[in-house]
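Structural characterization, general
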Amino acid sequence: MNLELWLSDQRTIEKSKKYYAHFDFRTSIDVQKEYITNPDNIAKHSFYPFIHYEKSMVKFNKNKGKKTKVRDICYASHIDTCIFQYYGFLLNELYNAKINQLGTSMVAVAYRTDLHKNNIHFAKVAVDFIRESSPCYIMIGDFTNFFDNLDHRYLKERWCELLGTENLPEDHYAIFKNITRYNKWELTDLLELNNLEDTVSGRRELNSKNLVLSKDLYKKHRNHIVKNNTGYGIPQGSPISGLLANLYMLDIDKQINDYVSSLNGLYMRYSDDFIVVIPKSESAKIAFDNVKSTINIAPRLELQPEKTQYFKFENNEIANCGNEFDNSADCSNQFMNFLGFTFDGHKVRIRAKTTTKYYYRMYSKAKTIAKNGGYSYKGRRISKKNLYKGYSIRGAFCKRGNFISYVERSKGVFGNDEAIDRDTKRHMQKINKALNS
C-alpha cells in the first residue's frame, strides 16, 4: 500500500471516530503530514504522557455467573497518535514483506494491514482445517499479560532486524523509547483536577474540553506522571502496539510454523491467542511440548496453564483430552472455543458467553423501560425504538449496526449449514417479552 492510499484510509477512519481531549489540541494526519513524515522532526519530538485508565469487561458464565476482568488501556495525545500511526504503517509494510519472505503470512493474523479480514474469517480457516485433518489433536492457548511483558531489549533486536540495521535510526529510536519507557497520567487524577466525577458523564465532560489540563496546570501537576522503568511492557491501546507485538513474535512464529507445517499441521496466532492443529499421530504430545519449548525462547513470554486446552477431533466428535498432554491444562470445556466461536464437532456457533452478554445488556435496558413506564430515573423518555435498533434485526443493517449485524456477518462467512444464530433466532420475541413483563 502506498502512502497516499494509506492516508486516504486514515481520513475515512478519522471522520468516523469519536474525538477525545488530551494534553494537546485536536489534530489529524492530514494536518500533520509534513511534520510526521520528516525523520528529523520525530527524532527531536517531545512526546506527551499517555492517559491511562482501567477498562472493566464483564464476562458471563452460565455456571459461575458474572465475572469482571480489568484491562489497562493507554491512549496517546493527538500528535503522538499521528506519529504512531505513520510509523506503524511504515513498519507494517516491512513486516508484511518479511513474513511473506519467511512463509508465515497466515500465522499472525491480527493487526495486519494487508489481509482485510477479521476474526470471523480466521475462525473459519481454523475450523475448516480441523475438519479436513480428522482425526487430529488441537492445542489452544494464550499468553500471560502479553503486552505488559514484552522485553524491551528483545523487542529492539527484532526492530533492528526488521530494518536491517545494527542500531535504530534516531527517529525510530525516539518511537521505541517512548513506547517502552513511556510516561502515563491516570485518567482518574485528571478528572479530579477538573473537579469531575469518574462517571460516564464526568468523562464525557472532560472529553468535551479542548485540553484536559491547561499548560500551567500541566506544569504544576507534573508529579502525577509515572514512568515505566521496568525494562518490559508496552502500553496497550496505542496505534503501534499491535504491530510491535507481532514483531516481537517474528522469530517464534517462524520456528513454530516451520515445525508444525512439517507435521502437516496448522499454527495460527491472533494477538495473544493461538491454535495448533496436529494430525493424529503417536507424536502429538512431543509436538505440543516442542511448541511450548519454542515459546519459552522469547524472554518473558509465558503461557497461561489454566487457559491452555487440548482437544481430540475424530468422527465428527470433539473431546477435551487435556489430561493426556498436561496435568495443569483446562479440562472444563468440552467444546472448542476460538476467536469468539464454539465448535462442538458438528456445528459452529457464536460463543455462549458472547450471546449471554448481549442478552444481559438487552434485558437490563428493557427492564428499565418496563419498570419505569418508558422513563429513566432522571425523568427522561426512553425510546423502545432505540432498544430495537440497538438489539434487534431492525438495527442490524443500519450504518452503526449492532450485535445482530455481527451474527449476520458470521452467517455470511460460515454459511447457513452452521448454527451461528441458534441462540439469537428468537431475539425479537425475547425483547417483546422483556418489555411486556
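Okay, so let's go over this structure. A quick note: this is a predicted structure, and the numbers were derived from the prediction, not measured. (Residues numbered from 1 in each chain as written. Predicted model: local features only at pLDDT ≥ 70, side-chain atom pairs only at ≥ 80, totals over all residues. Heavy atoms only, no water.)

Structural notes on the sheet that holds strand β10 (residues 336–338)
The pairing of strands in a sheet happens through backbone hydrogen bonds and is either parallel or antiparallel. The condition is simple: Pairs of strands are assigned from DSSP output, requiring at least two bridges between the strands. Numbering of helices and strands runs from the N terminus, with a helix taken as a DSSP run of H or I at least four residues long and a strand as a DSSP run of E at least two residues long. In this description, a line fitted to the C-alpha atoms serves as the axis of each element, helices being fitted only across the stretch in contact, and the angle between N-to-C directions of two axes falls anywhere from 0 to 180 degrees. For this analysis, residues touch if any pair of their heavy atoms sits within 4.5 Å.
Read from one edge to the other, the open sheet built from three strands follows the order β10-β11-β12, with strand pairing classed as antiparallel. Two strands in the sheet have a free side with no partner beyond their single neighbour: β10 and β12 (348–350). When strand polarity is set aside, the average angle formed by the axes of neighbouring strands in this sheet is 30°. As paired elements, β10 and strand β11 (residues 341–343) share three bridges and run antiparallel to each other. In the strand pairing of β11, F338 is matched with F341. Strands in contact with helix α16 (residues 403–414) are β11 and β12; relative to β12, the strand with the most contacts, it is inclined by about 165°.

So, the pairing of strand β7 (residues 273–279)
This is how the line gets drawn: Partly exposed residues are those whose accessible area sits between 20% and 50% of the maximum for their type, while under 20% is buried and over 50% is exposed, using a 1.4 Å probe and protein chains only.
Within β7, five of the seven residues are buried, leaving the element largely enclosed by the surrounding structure. Sheet topology places strand β3 (residues 136–142) next to β7; seven bridges connect them, and they run antiparallel. The residue of β7 that forms the bridge with M139 is V276. Pairing of strand β6 (residues 266–270) with β7, which is carried by five bridges, proceeds in the antiparallel orientation.

Digging into the packing of helix α14 (residues 352–371) against helix α15 (residues 384–391)
Worth spelling out the cut-off: The cut-offs work like this: below 35 degrees is roughly parallel, past 145 is roughly antiparallel, 65 to 115 is roughly perpendicular, and the gaps in between are oblique. Three classes are used: nonpolar for Ala, Val, Leu, Ile, Met, Phe, Trp, Tyr, Cys and Pro, charged for Asp, Glu, Lys and Arg, and polar for all others, with Gly counted as polar.
Two elements in contact, α14 and α15, have axes separated by 11 Å at closest approach and are oriented at 175°. Looking at the two axes, α14 sits roughly antiparallel to α15. Across from Y358, R361, M362, K365, A366 and I369 in α14, the residues of α15 making contact are K384, L387 and Y391. Residues that form the contact of α14 with α15 fall into these classes: six nonpolar, no polar and three charged.

As for the nonpolar core
Note the threshold: Nine residue types can take part in a nonpolar core, namely buried Ala, Val, Leu, Ile, Met, Phe, Trp, Tyr and Cys, and a core is a set of them joined through side-chain atoms within 4.5 Å.
Counting residues in each nonpolar core, the largest one holds 64 residues, and the members touching the most others are I175, L244 and V276. Filtering out sequence-adjacent residues up to four positions away, L244 remains in contact with L91, L155, W159, I179 and I234. Counting 45 residues, the second-largest nonpolar core is a separate cluster that includes V109, F311, Y358 and L435.

Observations concerning the pattern of salt bridges
Applicable threshold: Salt bridges are identified by distance alone: a Lys or Arg side-chain nitrogen within 4 Å of an Asp or Glu carboxyl oxygen.
For the structure on display, the rule yields 18 salt bridges. Between E418 and R131 there is a salt bridge whose closest N-O contact spans 2.8 Å. Separated by 287 residues along the polypeptide, E418 in the loop between α16 and α17 (427–436) and R131 in helix α5 (residues 119–132) bring together distant segments of the chain. According to the relative accessible area criterion, E418 is buried, its value standing at 13%. One salt bridge in this structure joins D421 and K411, with 3.4 Å as the shortest N-O distance. Highlighted residues: D421 in the loop between α16 and α17 and K411 in helix α16, separated in sequence by 10 residues. The residues D421 and K411 share a single accessibility class, namely buried.

A closer look at the side chain of D171
The following threshold applies: Charged-residue counts in this description rest on Lys and Arg as positive and Asp and Glu as negative, His and the chain ends being excluded.
By secondary structure assignment, the location of D171 is in helix α7 (residues 170–180). It turns out D171 is buried and unbridged, and the closest side chain with the opposite charge, K177, is 12 Å from it. With residues up to four places along the chain from it excluded, the contact list for D171 reads P39, I42, A43 and Y87.

Concerning empty space enclosed by the protein
As a reminder, the rule being used: Here a cavity denotes grid points, spaced 1 Å and computed from the protein atoms alone, that fit a 1.4 Å probe unable to get out, and a pocket denotes an open set having protein on both sides within 12 Å along at least 5 of 7 lines; residues with an atom within 4 Å of a point are the lining. Grid points are joined across faces, edges and corners, and a volume is the space filled by probe spheres set on the points.
The tally for this structure, following the rule as stated, stands at three cavities of 30 Å³ or more. When its volume is computed, the largest cavity comes out at roughly 60 Å³. Lining of the largest cavity is provided by F47, Y48, P49, F50, A76, D80, F84, N178, Y182 and N183. Residues of the lining of the largest cavity, tallied by class, amount to seven nonpolar, two polar and one charged.

A short note on a positive patch on the surface
To keep things clear, this is the line we draw: Surface patches are defined over residues having more than 30% relative accessible area and no salt bridge, joining like charges when they lie within 9 Å and nonpolar side chains (Val, Leu, Ile, Met, Phe, Trp, Tyr) when within 5 Å. For every accessible area listed, the method is Shrake-Rupley and the probe measures 1.4 Å; residues are considered covered only by the protein chains on display. Taken as the charge location is NZ of Lys, CZ of Arg, CG of Asp or CD of Glu.
A grouping of K55, R71, K307 and K353 is seen on the molecular surface, where their side chains present a positively charged patch. Its relative accessible area of 31% is what places K307 among the partly exposed residues.

Brief notes about the packing of aromatic side chains
Cut-off, in case you're wondering: Two rings from Phe, Tyr or Trp (for Trp, the six-membered ring) form a pair when their centres sit within 6.5 Å of each other. Planes less than 30 degrees apart are called stacked, planes more than 60 degrees apart edge-to-face, and all others tilted.
This model, assessed by the stated rule, comprises 31 aromatic pairs. An angle of 25° between the planes, with centres 5.5 Å apart, marks the rings of F143 and F274 as stacked. One end of the pair, F143, is in the loop between β3 and α6 (152–163); the other, F274, is in strand β7, with 131 residues separating them in the sequence. Relative to F414, the ring of F341 has its centre 5.0 Å away and its plane inclined at 50°; by these criteria the two rings are tilted. One end of the pair, F341, is in strand β11; the other, F414, is in helix α16, and 73 residues separate them in sequence. For F341, a relative accessible area of 3% translates into the label buried. Taken together, F341, Y358, Y359, Y363, Y391, F403, Y406 and F414 form an aromatic cluster joined through their ring pairs.

Treat this as a map of the structure, not an account of what it does.
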